[in-house]
Amino acid sequence: LDPDDVTVSNGDDDTSSVTVVPFNSLQTSEDGGTATFEVSIGAQPSHDVVISLYSDDLGEGTVLPAELTFTHDGFTEVKTVAITGVDDDDVDGDQSFTIVLEPVVSNDPYYNNLNPTDVTVTNLDDDVLADTGDSDLDTDTDTDTHTGWTWDSDTGLYGTCKGNCGGTSDGI
């Protein structure tokens, strides 16, 4: 007996994708506090998948590693990325910055040029205004409402007197 031939098709349901978790609400701090996120890919690539990363503001945070590589055999490995806050010595409040994930570079046409989601980070400020004991700094106007001295956010010092200053800037 010769049974009829059967045609079989095996559909590929794997999707070439890059997943970044989490990609927002991360926090670092100026005292070296860190945060992490994870990157994975969705399907086995025919060639290495390479993603370069960088911080868009090195004055607020750094990222390691600077490059992730997913191989044909190791594609299921989830990669952890570390972000470290940088101390800038400025009383500038909490500052946002972005970890940029560049488009994928790969000889696999299904992955090449995929653009992963960038990661938003807030670096928590650890710098505070010096309390002189005789002032109440109004941070909305950068003016010391009790003494009239103005705050220079570039230098972190009180500067020019505006109004009744009640003394000199020496020692303030």
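Here, the structure is the one placed above.
Conventions used here
- Residues numbered from 1 in each chain as written.
- Predicted model: local features only at pLDDT ≥ 70, side-chain atom pairs only at ≥ 80, totals over all residues.
- Heavy atoms only, no water.
- Pairing = 2+ DSSP bridges.
- Helix = DSSP H or I, 4+ residues; strand = E, 2+ residues; numbered from the N terminus.
- Axes fitted to C-alpha atoms, helices over the stretch in contact; angles between N-to-C directions.
- Phe/Tyr/Trp six-rings, centres within 6.5 Å; stacked < 30°, edge-to-face > 60°.
- Lys NZ or Arg CZ within 6 Å of the ring centre and 35° of its normal.
- Contact = heavy atoms within 4.5 Å.
- Patch = residues over 30% accessible without salt bridge, like charges linked within 9 Å, V, L, I, M, F, W, Y side chains within 5 Å.
- Areas by Shrake-Rupley, 256 points an atom, 1.4 Å probe, with all protein chains shown as cover.
- Salt bridge = Lys/Arg side-chain N within 4 Å of Asp/Glu carboxyl O.
- Lys, Arg positive; Asp, Glu negative; His and termini not counted.
- Charge placed at Lys NZ, Arg CZ, Asp CG, Glu CD.
- Buried < 20%, exposed > 50% of the residue type's maximum accessible area, 1.4 Å probe, protein only.

1. Quick word on the sheet that holds strand β7 (residues 79–85)
Moving on, step 1. If you trace the 4 strands from one edge of the open sheet to the other, you get β1-β3-β7-β5, paired in antiparallel fashion. Each edge of the sheet is formed by a strand with only one pairing partner; in this case those strands are β1 (18–21) and β5 (61–64). When strand polarity is set aside, the average angle formed by the axes of neighbouring strands in this sheet is 25°.
Moving on, step 2. The pairing of strand β3 (residues 34–41) with β7 spans 6 bridges and is classified as antiparallel. Counterpart to Thr36 in the pairing with β7 is Ala82.

2. So, the packing of aromatic side chains
Moving on, step 1. On inspection of all chains with the given rule, the structure shows 0 aromatic pairs.
Moving on, step 2. Sitting above the plane of the Phe70 ring, Lys79 keeps its charged end 5.3 Å from the centroid.

3. As for the side chain of Asp88
Moving on, step 1. By secondary structure assignment, the location of Asp88 is in the loop between β7 and β8 (95–101).
Moving on, step 2. Contact partners of Asp88, with chain neighbours within four places excluded, come to Glu30, Gly59, Glu60, Asp125 and Asp127.

4. A look at a negative patch on the surface
Moving on, step 1. On the surface, Asp31, Asp87, Asp89, Asp90 and Asp126 cluster together into a negatively charged patch.
Moving on, step 2. A residue is classified by how much of its surface remains accessible, and Asp90, at 32% relative accessible area, is partly exposed.

Without other data, these values stay purely geometric and don't point to any function.
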